[in-house]
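Residue-level structural notes
One-letter residues, chain by chain:
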Amino acid sequence: MANIGVKIAGIYMKNPVMPAAGPNVRTGDLMLKAVEGGAGAVVSKTVSVVPADDPRPTIRSTICRGAINCETWSEIDVVNFLQELKKAKSAGVPLIVSVGYRADEVEELGKLIQREIAPDAFEFSIHYVGREIQPIVDIAMALRRAVEAPIFMKLSPNIPNIEELAVAASPYVDGFVAINSFGPVLDFDPENPVPKLGSQQGYGWLSGPPILPVALRIVHQVSSVQPKPVVGVGGIEKGTDAIKFFMAGASAVQICTGAIKFGHNIYGKVAGEINDWLDKHGYSSIDEIRGLYAKKLSERKKFAGIPVMTIDEEKCTGCRVCVTKCIQGALYMDGEVAKVIPQNCIGCGFCADFCRYDAMELGERI
Ligand SMILES: Cc1cc2nc3c(=O)[nH]c(=O)nc-3n(C[C@H](O)[C@H](O)[C@H](O)COP(=O)(O)O)c2cc1C
């Protein structure tokens, strides 16, 4: 059985799955439910100096199994939020408190929460503080001054030069969390085109499976350019989603929308699936797969010119699916076997993703 325990920034977690800040960890009771549901650590909803006042509705479903939301930070004021955090502290797993937003605000909150709660770590969100690098680094420095516990910077995907930010902030933080929700975005029902969300324009932030590839890219970037650990978050609903994040360079993962959709047991379910995947593939720990993507990237086969699709006729079952996926007309059925018209094939590779029999591979054009 694989060991799925991880240590990030000196914090040991018995498994690498935790909730991401959101309505799933809005109160102390909900944070306890996350732990009962199998989370290896608990992260709180973001708290700020003034309570939020979010326009309803705040969370709606959207395309591709995603969600859009206009929830901001905690609607519970910080004094009452301390009581919620006290409950969560008793859960027996590491507690990471999420704070926001300006430098003076996180400094004030950091000091208070450090004194009253002494959490295992802090996370600070840069969601509402602009895109300029130095002011964001200043926030990290302010929190660093205020607290003794490790601090994680939670990155928003709309920062244009994320690598530059990661390099600049790295000396002042103990790790990064990537990513927050993506946006702003808009969706509505064409049969009744009223705003789905209560926000002013009905705009919101996209989360869940549609943002997983954005999150993977940012985890890969941030873990490639600086040495501090990265916690991956965005669209994770199953073990293989989390495995991809580890391969992209993450040391642990968080889940928000998956918990909203499927409930608190998702953390333990995903942790179990990570364990099963590692066992099945002969790995004994997450360390063994962390960053595997970067290794494969450096070993990637380069084609001399435009490659062409090749079909292993022994494996082809004649299901025709690939033929229906080729917009170039480069595939046809020859009896029960798919064949390629090389002069029509542009080597895009799309058809191979639909072959369930591992019969297609790009090869050198001869
Ligand atoms: C309804 C909702 C509320 C959220 N609130 C917060 C928050 O208070 N602080 C924060 O840093 N991120 C917040 N997030 C972002 C999530 O923590 C997470 O980074 C993002 O949704 C991507 O992960 P997911 O696809 O697993 O949801 C929120 C997300 C949702 C859907």
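This text goes with the structure placed above it.
Let me sum up the structure you'll find in this document. (Residues numbered from 1 in each chain as written. Predicted model: local features only at pLDDT ≥ 70, side-chain atom pairs only at ≥ 80, totals over all residues. Heavy atoms only, no water.)

Examining the packing of helix α1 (residues 28-36) against helix α2 (residues 78-89)
Each pair of packed helices gets described by two things: the angle between the helix axes and the distance between those axes. For the pair α1 and α2, interaxial distance at closest approach is 7 Å and the crossing angle is 20°. Between α1 and α2, the crossing angle belongs to the class labelled roughly parallel. Between α1 and α2 the crossing geometry is right-handed. Residue-level contacts link Gly28, Asp29, Met31 and Leu32 of α1 to Phe81, Glu84, Leu85, Lys87 and Ala88 of α2. In the contact of α1 with α2, the residues fall into 5 nonpolar, 1 polar and 3 charged. (Axes fitted to C-alpha atoms, helices over the stretch in contact; angles between N-to-C directions. Helix = DSSP H or I, 4+ residues; strand = E, 2+ residues; numbered from the N terminus. Parallel < 35°, antiparallel > 145°, perpendicular 65-115°, else oblique. Left-handed = near helix turned anticlockwise from the far one by under 90°. Contact = heavy atoms within 4.5 Å. Nonpolar A, V, L, I, M, F, W, Y, C, P; charged D, E, K, R; others polar.)

Section: the sheet that holds strand β14 (residues 252-255)
Here 8 strands make up an open sheet; going across it, the order is β3-β14-β13-β10-β9-β8-β7-β4 and the pairing parallel. Single-partner strands in this sheet number two, and they are β3 (17-19) and β4 (42-43). By the bridge criterion, 4 bridges tie strand β8 (residues 121-125) to strand β9 (residues 151-155) in an arrangement that is parallel. Across the sheet, residue glutamate 123 finds its bridge partner in β9, namely phenylalanine 152. Helix-sheet contacts for helix α5 (residues 162-169) involve β9 and β10 (175-178), and the interaxial angle to β9 is about 170°. (Pairing = 2+ DSSP bridges.)

Some points on the environment of aspartate 241
With respect to the secondary-structure elements, aspartate 241 resides in helix α7 (residues 239-248). Aspartate 241 gets classed as buried once you look at its relative accessible area, which sits at 7%. Note: C-alpha distance between aspartate 241 and leucine 216 (25 residues apart in sequence) is 9.7 Å. Residue contacts for aspartate 241: discarding those within four places in its chain leaves Leu212, Gly235 and Ile236. (Buried < 20%, exposed > 50% of the residue type's maximum accessible area, 1.4 Å probe, protein only.)

Describing the pattern of salt bridges
With the rule as written, the count across this model stands at 17 salt bridges. In this structure, glutamate 75 engages arginine 56 in a salt bridge whose closest nitrogen and oxygen atoms are separated by 2.7 Å. Of the two residues, glutamate 75 sits in the loop between β6 (67-69) and α2 while arginine 56 sits in the loop between β4 and β5 (59-61), which places them 19 residues apart along the sequence. The exposure class of glutamate 75 is partly exposed, given its relative accessible area of 36%. As a salt-bridge pair, aspartate 358 and lysine 315 come within 3.6 Å of each other at their nearest N and O atoms. (Salt bridge = Lys/Arg side-chain N within 4 Å of Asp/Glu carboxyl O.)

Quick notes on the environment of lysine 339
Structurally, the position occupied by lysine 339 is in strand β17 (residues 337-340). Within the structure, the side chain of lysine 339 is placed 2.6 Å from the side chain of aspartate 334, a separation counted as a polar contact. (Polar contact = N/O pair within 3.5 Å; in protein donor to acceptor, adjacent residues only side chain to side chain.)

Let's talk about the site of the ligand
Lining the immediate surroundings of the ligand are 24 residues, of which Ala21, Thr46, Lys154, Gly235 and Thr257 lie closest. Between the ligand and the protein, one listed contact pairs an oxygen atom with a backbone N or O atom of isoleucine 179 at 2.8 Å. Here an oxygen atom of the ligand and a side-chain polar atom of threonine 257 are 2.5 Å apart. Isolated, the ligand exposes 600 Å² of accessible area, and the fraction of that covered by the protein chains is 98%. Here the residues of the shell around the ligand are counted per class, giving 9 nonpolar, 12 polar and 3 charged. (Near = heavy atom within 4 Å. Areas by Shrake-Rupley, 256 points an atom, 1.4 Å probe, with all protein chains shown as cover.)

A word on the side chain of asparagine 15
Mapping asparagine 15 onto the fold places it in the loop between β2 (11-13) and β3. Residue classification places asparagine 15 among the buried positions, given a relative accessible area of 6%. In terms of polar contacts, asparagine 15 uses its side chain to reach the backbone amide nitrogen of valine 17, at 2.9 Å.

Focus on unusual backbone geometry
A cis amide bond, omega -5°, links arginine 56 with the succeeding residue proline 57. Position of proline 57 relative to the elements: it lies in the loop between β4 and β5. Note the cis peptide between glycine 100 and tyrosine 101, where omega equals 10°. As for its position among the elements, tyrosine 101 is in the loop between β7 (95-99) and α3 (103-116).

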